[in-house]
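Given next are the chains, with one letter for each unit.
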Amino acid sequence: MIAFNLAPAVWFGLIFTPILISTGQILFKLTSARTDGFDFRSLAALMSNPMLLTALALYGLGTIIWIFTLRSVPLTLAYSFMALTFCFVPLFAALFLGEALTIRYAAGAALIIGGMIVINS
């Protein structure tokens, strides 16, 4: 039961990093809707897109939090928490983009969470 005896700050890092990464994915999707071609002008506009810059900042913040989290947890335990992005991204896509959630999503998310429990117990 290694994972269940962790300090609150470590739990924060294990849960919040996948939330930051998932939020970044939603912003990447929103950015893609405003992206034109693959020419110099479009790429220059993309590089100054506030949603893209915010997504990159969230990824950077998530990476910093993750580095400090890894100081306290073995990678084999911590990395299983990154699977939460497969649960959060579709959930956020439903909430913020109006995408549909299916019973297959619910079943898959339940399997991921069940697998995390098995791995971390």
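In the block above lies the structure referred to throughout.
Residues numbered from 1 in each chain as written. Predicted model: local features only at pLDDT ≥ 70, side-chain atom pairs only at ≥ 80, totals over all residues. Heavy atoms only, no water.

So, on to a nonpolar patch on the surface. Together, L91, L95, F96 and L101 line one region of the surface with nonpolar side chains, adding up to about 410 Å² of accessible area. Within the secondary structure, L101 sits in the loop between α5 (85–97) and α6 (103–119). (Patch = residues over 30% accessible without salt bridge, like charges linked within 9 Å, V, L, I, M, F, W, Y side chains within 5 Å. Areas by Shrake-Rupley, 256 points an atom, 1.4 Å probe, with all protein chains shown as cover. Salt bridge = Lys/Arg side-chain N within 4 Å of Asp/Glu carboxyl O. Helix = DSSP H or I, 4+ residues; strand = E, 2+ residues; numbered from the N terminus.)

Let us look at the packing of helix α1 (residues 8–33) against helix α3 (residues 50–70). Packing of α1 against α3 leaves a shortest axis separation of 8 Å and a crossing angle of 160 degrees. In this view, α1 runs roughly antiparallel relative to α3, as classed from their interaxial angle. α3 is crossed by α1, and the crossing has left-handed handedness. Taken together, the residues that form the contact of α1 with α3 break down as 18 nonpolar, 9 polar and no charged. (Axes fitted to C-alpha atoms, helices over the stretch in contact; angles between N-to-C directions. Parallel < 35°, antiparallel > 145°, perpendicular 65-115°, else oblique. Left-handed = near helix turned anticlockwise from the far one by under 90°. Nonpolar A, V, L, I, M, F, W, Y, C, P; charged D, E, K, R; others polar.)

To characterise two packed helices, one gives the angle between the axes of the helices and the distance between these axes. Remark: α1 packs on α5, axes separated minimally by 9 Å, with the N-to-C direction vectors making an angle of 45 degrees. Between α1 and α5, the interaxial angle falls into the category oblique. At the point where α1 passes α5, the crossing takes the right-handed sense. Residue-level inspection shows I15, P18, I19, I21, S22, T23, Q25, I26, K29 and L30 of α1 in contact with α5, the latter providing T85, F88, V89, F92, A93, F96 and L97. Across the contact of α1 with α5, the residue classes break down as 12 nonpolar, 4 polar and 1 charged. (Contact = heavy atoms within 4.5 Å.)

Before going further, it helps to spend a moment on the nonpolar core. Judged by nonpolar contacts, the single largest core of 16 residues is most densely connected at L6, L14, V73 and F81. Breaking this core down by element, the ones donating at least two residues are α1, α4 (75–78) and α5. A per-element tally of this core places α1 first, with 4 residues. L27, A55, L58 and I65 belong to the second-largest nonpolar core, a separate cluster that totals 6 residues. (Core = buried A, V, L, I, M, F, W, Y, C linked by side-chain atoms within 4.5 Å. Buried < 20%, exposed > 50% of the residue type's maximum accessible area, 1.4 Å probe, protein only.)

On to α6. A turn of α-helix holds 3.6 residues, and therefore any two residues three or four places apart point the same way. Taking 1.5 Å per residue as the helical rise, α6 with its 17 residues ought to reach 24 Å, and the 24 Å between its terminal C-alpha atoms agrees with that figure. Those residues of α6 not exposed but buried are Y105, A109 and M116. One face of α6 carries all of its buried residues, which in axial projection span an arc of 30 degrees. For α6, exposure combined with an orientation more than 90 degrees from the buried face picks out I103, R104, L111 and V118. Taken together, the buried residues of α6 touch α5. (Expected span 1.5 Å × (residues − 1). Arc of directions from axis to C-beta.)

Before going further, it helps to spend a moment on the environment of P74. Inspection of the secondary structure assignment puts P74 in the loop between α3 and α4. Taking the C-alpha atoms as reference, P74 lies 26 Å from L56; in sequence the two are 18 residues apart.

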